[in-house]
Structure formats: C-alpha cells, structure tokens
Amino acid sequence: MAGDEASRTAAWEGAAAYYEQALERTAADEEQTRADLLRRLGDARSGSGDWEGAVTSWKEGMAAFKELGDNEAVGWIGYSLRRLYGARGQFDEASEVVQRSLSALGDADSEIRSRLLAQAGFIRSAFGETEEAERLMTRSMEIAQRLNNPAAKGFAAYIRGMHCLSYCHLREAADQLKDGTQWSLAGNDLWSASQGSSF
C-alpha cells in the first residue's frame, strides 16, 4: 500500500540522517567506524530513493574498506552498486564496478565472489556475449556448490534463469528460476527468491 511504502521511505530517510550525523561526529582516524558508517549510509540513501547519494557513499565506503584491506566488504558494496547501476541502465558503470570488485577479492572462493561472477555473466549476456556469459555463470555456480551455500546457489541459478529467459530458452529458464527460488529461500535471501518467483 502507498502508506506502507511512504513509511518505509521515511524510515530510510531517518536512518540516512542518523548516519550523516554520526559521520560528522566521527574522527578521521577512526577509519573502521567511518567505513562502516559510509556503507550503512549508502544502504539508507538507496532505500530512500536517493540513488546519487547512495553511489557517493558506497564509492567512498569501497575506498575506505580497500585502505583497511577488507576486500570482502569491497566486494559486497560493489555488488550493491552493480544492482543500483543495473536498475538505472548504467551498464558500463555496472561492468566496471563488478570487475573492480572481483579484482579486489582475488581467486579465493566466497559467496560474494560467486555472486559477482554471476553478475559479470549477466552483463556479458546483455551484450550478446553468450559464450563468455555462460562461462562466468558456470564458475559462479561451481563456487556456490563448493561452498555448499544455498543463497549463493540460489542467486547463481536466478541469474542463469534470467539469461535463459532473455534468449527464449524457456524450459531451462523455468527450471533454473524454480531451483533458484528454493535455494534462495533456504539461504534466507528473500530478495532473490522474490525475483525468481515473479516469473
């Protein structure tokens, strides 16, 4: 309902104001605290619809976590930025932030590396580079399976399902989206589950 949406937006706006004030009161040498606040401020600004503000905060947060050597956090912020850029149709920016995040993470298996590889594959799919897209999506699922991480498997399957749907491979798309929804629910990734079950 419209009232519920307004309440959620107001809550995010309130959170953004809180994090802005907290940042102003945090000393420059409190690097970890500032990095955490920048990440949360980006989340709050995105939730309130302030996309430009979210991009600014997340980029600053990525740089701060990079300085701290927390590449896992760099990856998760890059994942959020990619979703935002994708929603805005900024595919060059989306591709760049995914590649930068993957470079920061290195080759070690992790849930966020699996998710970013899936995103990289979907970007290649959008540009018609199907062979490279499928290679990246396969790597994404292989990592998720090695980790036995249902949320990662769900996201990888959801992205492959969307790829199949884009190229009218409808039966495979339906199977992938169904599996993705079940895995995502098992991994408590309600966003991916809701996206996959909407088709």
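All of these numbers come straight from a predicted model, not from anything done at the bench.

Chemist: I tried to follow the pattern of salt bridges on my own but got confused; where do I start?
Modeler: If the charged atoms of two oppositely charged side chains come close together, the side chains can form a pair. Scanning the model with the defined rule gives nine salt bridges in all. For Arg-100, the salt bridge goes to Glu-96, with nearest N and O atoms at 2.9 Å. Placement of the pair is Arg-100 and Glu-96 together in helix H5 (residues 91-105), with a separation of four residues, close to one helical turn. Exposure remark for Arg-100: the relative accessible area of 36% places this residue in the partly exposed category. Classification of Glu-96 as partly exposed rests on a relative accessible area of 41%.

Chemist: What is the right way to read the layout of surface pockets from this model?
Modeler: Which parts of space are left empty comes out when a probe the size of a water molecule is rolled across the atoms. Considering only enclosed or pocket space, the largest pocket measures out at about 520 Å³ in volume. Lining the largest pocket we find 18 residues, and of these Asp-43, Ser-46, Trp-58, Ser-80 and Arg-83 sit closest to its centre. Breaking the lining of the largest pocket down by element, the ones donating at least two residues are helix H2 (31-47), helix H3 (51-68), helix H4 (71-87) and helix H6 (111-126). Looking at the lining of the largest pocket residue by residue, the class counts come to nine nonpolar, three polar and six charged. There is about 200 Å³ of room inside the second largest pocket. In this structure, the second largest pocket is lined by 13 residues; those nearest its centre are Arg-82, Phe-122, Tyr-158, Ile-159 and Trp-191. Looking at the lining of the second largest pocket, the elements that each hand over two or more residues are H4, H6, helix H8 (150-166) and helix H10 (190-196). In terms of residue class, the lining of the second largest pocket is built from eight nonpolar, three polar and two charged.

Calculation notes
- Residues numbered from 1 in each chain as written.
- Predicted model: local features only at pLDDT ≥ 70, side-chain atom pairs only at ≥ 80, totals over all residues.
- Heavy atoms only, no water.
- Salt bridge = Lys/Arg side-chain N within 4 Å of Asp/Glu carboxyl O.
- Helix = DSSP H or I, 4+ residues; strand = E, 2+ residues; numbered from the N terminus.
- Buried < 20%, exposed > 50% of the residue type's maximum accessible area, 1.4 Å probe, protein only.
- 1 Å grid on protein atoms, 1.4 Å probe; cavity = no way out; pocket = protein on both sides within 12 Å on 5 of 7 lines; lining within 4 Å.
- Points joined across faces, edges and corners; volume = space filled by probe spheres on them.
- Nonpolar A, V, L, I, M, F, W, Y, C, P; charged D, E, K, R; others polar.

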